[in-house]
Amino acid sequence: MSHSANPSPRRFTTGAPLTGRIAVPGDKSISHRSLMFGALAVGRTTARGLLEGEDVMATAAAVRAMGAGVERADDGTWTIDGVGVGGLLQPQTALDMGNSGTSTRLLMGLVASHGITATFTGDVSLSKRPMGRVIEPLSLMGADFTASPGGRLPLTMRGAHPTVPIEYRLPVASAQVKSAVLLAGLNTPGITTVIEPVATRDHTERMLTGFGADLTVEEVDGERVIRIRGEVELKPQDIVVPGDPSSAAFFVTAALLVPGSDLIVANVGLNPTRAALFDVLRAMGGYIEELDRRDVGGEPVADLRVRHSALTGIEVDPAIAPSMIDEFPILFVAASMASGRTVTSGLDELRVKESDRLSAMAAALTAAGARIEEREDGLVIEGTGGEPISGTAGAPVTTHLDHRIAMSMAVAGLVSRDGVEIDDTSPIATSFPTFEALLTEAMA
Ligand code: S3P
């Protein structure tokens, strides 16, 4: 089964240009971390602008099951009453992670250095994803795992206390693996070190520092060396979550592609470890202007004004892939409408996301009339030069329980002759529950 229990099909077709001003919901990565770090602080953390998508709600339920108090006030502010580092309680039932890899891998890091046992379960998509990448370092620290074949969910882990501090060089560029080790390090005596040959999103480092953790980042021979001293008390924070650049990406791209569009996407987080898509789209000829650049919760933020633009194909430098790792599906849509060829490479990690995003996007865009060549580590796309793609006249495209495939193909539908039919839009609720409402608003 590759769709949800109640699939929600929908056809997306051409309509009005995208105009006016919309604001995207809170950043998913920062929202997960707000709940987890708040759960480990001593006292009450508040979070405004928290993303209320299914993935983040899975994290909320899990930290609640391990003893933290998590509440939403009527004005939308969330409060998290923490148990303190070392204070997590044994959950009484399995932790249901739904579709969320971030919840799973980061929470595994938290459990690893607490003397508790936890079982993690997830949906069909999450149950196919590799957990060996976190099991390996957390085992070195002393945690014990019984996983399903191939190091997958469902799995049961027994945390250790005390854990052993390790020095770990990341074999894959993954913020989730980095974060899992650093979070285990929070309740480990001594200094836990993570070495990142390639920089990935740095929200964990920024936010843990804000919470009072003893954490340093040093650049040595081109690598990032992150050290955390364990058993330090975390202080509660008042967090304002900036808008998610990964959600803004769909509206920015739609406005570039749909003729006549002139849209402001407000409150977009522009952390340099996240925002490379906007640079790539600009290099392709896209008009994306930053307005009112400011600082929100320790992260750079701006409103983006985006106007319909003629795009030109590009060769994307694989070195920047980690800074736009979730944005390749929507970049493939932009490239399908550009003039000339776009070449992407170095994207092996896309094969182990919520779906195999290289094969899922190659299949969906090909079905919608785009010209795509799928390679082992990327796609090569011959664009239409601005002409609409044909769209899907017959069978719907398959989202494989992947929110970003669904939203990317929805945007493709806006620039297609016959529209694009999507088999299931329900996964969109994992990260962007208001996507369809905001699209209607922008096209009104
Ligand atoms: C995330 C890290 C990335 C990203 C995911 C969120 C995070 O995963 O794809 O959507 O919040 O740390 P990887 O660490 O697997 O690259």
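As the structure is a computational prediction, the values presented were derived from the model and not from experiment. What you see as residue numbers is a count from 1 along each chain, following the sequence as written. This being a predicted model, a pLDDT of at least 70 is required before a residue's local features are given, and a value of 80 or more before pairs of side-chain atoms are given or counted; all residues contribute to the totals for chains, interfaces and linings. Based on all heavy atoms of the structure, the side-chain values leave hydrogens and waters out of the count.

K.L.:
Tell me about the packing of aromatic side chains, residues and numbers included.
P.N.:
Each aromatic pair joins two rings of Phe, Tyr and Trp (for Trp, the six-membered one) with centres within 6.5 Å, and gets the label stacked for planes under 30 degrees apart, edge-to-face for over 60, and tilted for any other angle. The full count for this structure, using the stated rule, is 6 aromatic pairs. Centroid distance Phe328 to Phe332: 6.1 Å. Interplanar angle 45 degrees. Geometry classified as tilted. Of the two residues, Phe328 and Phe332 both sit in helix H9 (residues 328-336), 4 residues apart, roughly one turn of that helix. Taken together, the ring pairs in this structure connect Phe250, Phe251, Phe432 and Phe435 into an aromatic cluster. Criterion for a charge above a ring: Lys NZ or Arg CZ within 6 Å of the ring centre, and within 35 degrees of the ring normal. The lysine or arginine in question, Arg307, covers the ring of Tyr287, its NZ or CZ lying 4.9 Å from the ring centre. Secondary structure elements follow DSSP: runs of H or I no shorter than four residues count as helices, runs of E no shorter than two count as strands, and numbering proceeds from the N terminus.

K.L.:
How would you explain empty space enclosed by the protein if you had to name every residue and give the values?
P.N.:
Each cavity reported here is a set of points on a 1 Å grid over the protein atoms alone in which a 1.4 Å probe fits but cannot get out, each pocket an open set with protein on both sides within 12 Å along at least five of seven lines, and each lining residue one with an atom within 4 Å of a point. Grid points are joined across faces, edges and corners, and a volume is the space filled by probe spheres set on the points. Under the defined criterion, the tally for this structure stands at 1 cavity of 30 Å³ or more. Its boundaries defined by the atoms lining it, the largest cavity holds a volume of some 40 Å³. Here the lining of the largest cavity is built from residues that sort into 4 nonpolar, 4 polar and 3 charged. We call Asp, Glu, Lys and Arg charged. Ala, Val, Leu, Ile, Met, Phe, Trp, Tyr, Cys and Pro are nonpolar, and the rest, Gly among them, are polar.

K.L.:
Describe the sheet that holds strand S17 (residues 299-307), listing the residues and the values that go with them.
P.N.:
One key point about sheets: their strands pair by backbone hydrogen bonds, in either a parallel or an antiparallel sense. The pairing criterion for strands is at least two bridges between them, as found by DSSP. As summarised here, the arrangement of the 4 strands in space is S2-S15-S17-S16, forming an open sheet in which the pairing is mixed. Of all the strands in the sheet, the pair left with one neighbour each is strand S2 (19-23) and strand S16 (287-296). Here the average twist between neighbouring strands, direction ignored, is 15 degrees. Relative to S17, S16 is paired through 8 bridges, and the arrangement is antiparallel. To get an axis, a line is fitted to the C-alpha atoms, and for a helix only the part in contact is used. The angle between two axes follows their N-to-C directions and goes from 0 to 180 degrees.

K.L.:
Which residues make up the layout of surface pockets, and what values go with them?
P.N.:
The volume enclosed by the largest pocket comes to roughly 500 Å³. Lining the largest pocket we find 32 residues, and of these Ala173, Arg201, Ile325, Asp326 and Lys353 sit closest to its centre. Elements with a contribution of two residues or more to the lining of the largest pocket: helix H1 (28-40), helix H3 (101-112) and helix H5 (175-186). Mapped onto the domain boundaries, the lining of the largest pocket takes at least three residues apiece from domain 1 (10-25 + 242-442) and domain 2 (28-238). An automatic or database domain assignment supplies the start and end points of every domain.

K.L.:
Report on the pairing of strand S9 (residues 152-158), specifying residues and quantitative values.
P.N.:
Alignment of strand S7 (residues 117-121) against S9, held across 4 bridges, turns out to be antiparallel. Bridge pairing in S9 links Phe120 to Leu155. Strand direction decides the pairing type here: strand S8 (residues 144-148) and S9, joined by 5 bridges, are antiparallel. Following the sheet pairing, Phe145 is matched in S9 by Met157. In this antiparallel pair of consecutive strands, S8 and S9, the connection spans 3 residues, and Gly150 shows a positive phi of 80 degrees.

K.L.:
Mind laying out the packing of helix H8 (residues 276-283) against H9, listing which residues take part and the relevant values?
P.N.:
Think of two packed helices as two axes; the pair is described by the angle between the axes and how far apart they sit. Contact geometry for H8 and H9: axes closest at 11 Å, N-to-C directions at 10 degrees. Classified by the interaxial angle, the pair formed by H8 and H9 is roughly parallel. Of H9, the residues touching H8 (which contributes Leu277, Val280 and Leu281) are Ile330, Leu331 and Ala334. When its residues are assigned to classes, the contact of H8 with H9 shows 6 nonpolar, no polar and no charged. Relative orientations are named as follows: roughly parallel for angles under 35 degrees, roughly antiparallel for angles over 145 degrees, roughly perpendicular for angles from 65 to 115 degrees, and oblique for any other angle. The contact criterion used is simple: two residues touch if any of their non-hydrogen atoms lie within 4.5 Å.

K.L.:
Which residues make up the sheet that holds S8, and what values go with them?
P.N.:
Spatially, S6-S7-S9-S8 is the arrangement adopted by the 4 strands of the open sheet, whose pairing is mixed. Of all strands in the sheet, those with a lone pairing partner are strand S6 (95-96) and S8, marking the two edges.

K.L.:
Break down the site of the ligand for me, citing the residues and quoting the values.
P.N.:
We call a residue near a molecule or strand as soon as one heavy atom of that residue lies within 4 Å of the molecule or strand. Taken together, the residues surrounding the ligand are Lys28, Ser29, Arg33, Thr102, Arg105, Ser174, Ala175, Gln176, Arg201, Ile325, Asp326 and Lys353. Between the ligand and the protein, one listed contact pairs an oxygen atom with a side-chain N or O atom of Ser174 at 2.7 Å. Computed with the Shrake-Rupley method and a 1.4 Å probe, the accessible areas treat only the protein chains shown as cover for residues. In isolation the ligand exposes 390 Å². Once the protein is present, 96% of that is buried. The site holding the ligand turns out to be the largest pocket. Listed by contribution, the elements that provide at least two residues to the shell around the ligand are H1, H3 and H5. For the shell around the ligand, the element with the highest residue contribution is H1, accounting for 3 residues. By the criterion applied in these results, polar contacts are pairs of N or O atoms within 3.5 Å in which, for protein atoms, one can donate a hydrogen and the other can accept it, and in which residues neighboring in sequence qualify only through two side-chain atoms. Whether a molecule sits in a cavity or pocket is decided by its atoms, more than half of which must lie within 2 Å of the grid points.

K.L.:
Describe the pairing of strand S11 (residues 191-196), naming the residues involved and giving the relevant values.
P.N.:
Between buried and exposed lies partly exposed: a residue is buried under 20% and exposed over 50% of the maximum accessible area for its type, with that area taken using a 1.4 Å probe on protein chains only. Here S11 lies mainly inside the structure; 5 of its 6 residues are buried. One ladder, built from 3 bridges, connects strand S10 (residues 167-169) with S11; its direction is parallel. Paired with Glu167 across the strands is Thr193, a residue of S11. Handedness of the crossover joining S10 and S11 through H5 is recorded here as right-handed. Pairing of S11 with strand S13 (residues 223-229) involves 6 bridges; the strand directions are antiparallel. With the strands pointing away from the viewer, any crossover whose connection runs clockwise from the first strand over the helix to the second is right-handed.

K.L.:
Quick one: what's the story with the pattern of salt bridges, residue by residue and with numbers?
P.N.:
Salt-bridge detection follows one rule: a side-chain nitrogen of Lys or Arg within 4 Å of a carboxyl oxygen of Asp or Glu. Following the criterion strictly, the structure yields 36 salt bridges and no others. In this structure, Arg229 engages Asp214 in a salt bridge whose closest nitrogen and oxygen atoms are separated by 3.2 Å. Note that Arg229 is positioned in strand S13 and Asp214 in strand S12 (residues 214-220), a separation of 15 residues in sequence. Residue Arg417 pairs with Asp418 through a salt bridge whose shortest N-O separation is 3.1 Å. Judged by relative accessible area, Asp418 falls into the partly exposed class, the value being 32%.

K.L.:
Before we move on, could you go through unusual backbone geometry and cite the residues and values that matter?
P.N.:
Peptide bonds are trans in most cases, and residues, glycine excluded, mostly fall at negative phi. Cis rather than trans, the peptide bond between Leu153 and Pro154 has omega equal to -5 degrees. Secondary-structure assignment places Pro154 in strand S9. The omega angle of the peptide bond from His161 to Pro162 is 5 degrees, so this bond is cis rather than trans. For Pro162, the position within the fold is in the loop between S9 and S10. Residues other than glycine seldom take positive phi values, yet Glu231 does so here, at roughly 60 degrees. With respect to the secondary-structure elements, Glu231 resides in the loop between S13 and strand S14 (238-240).

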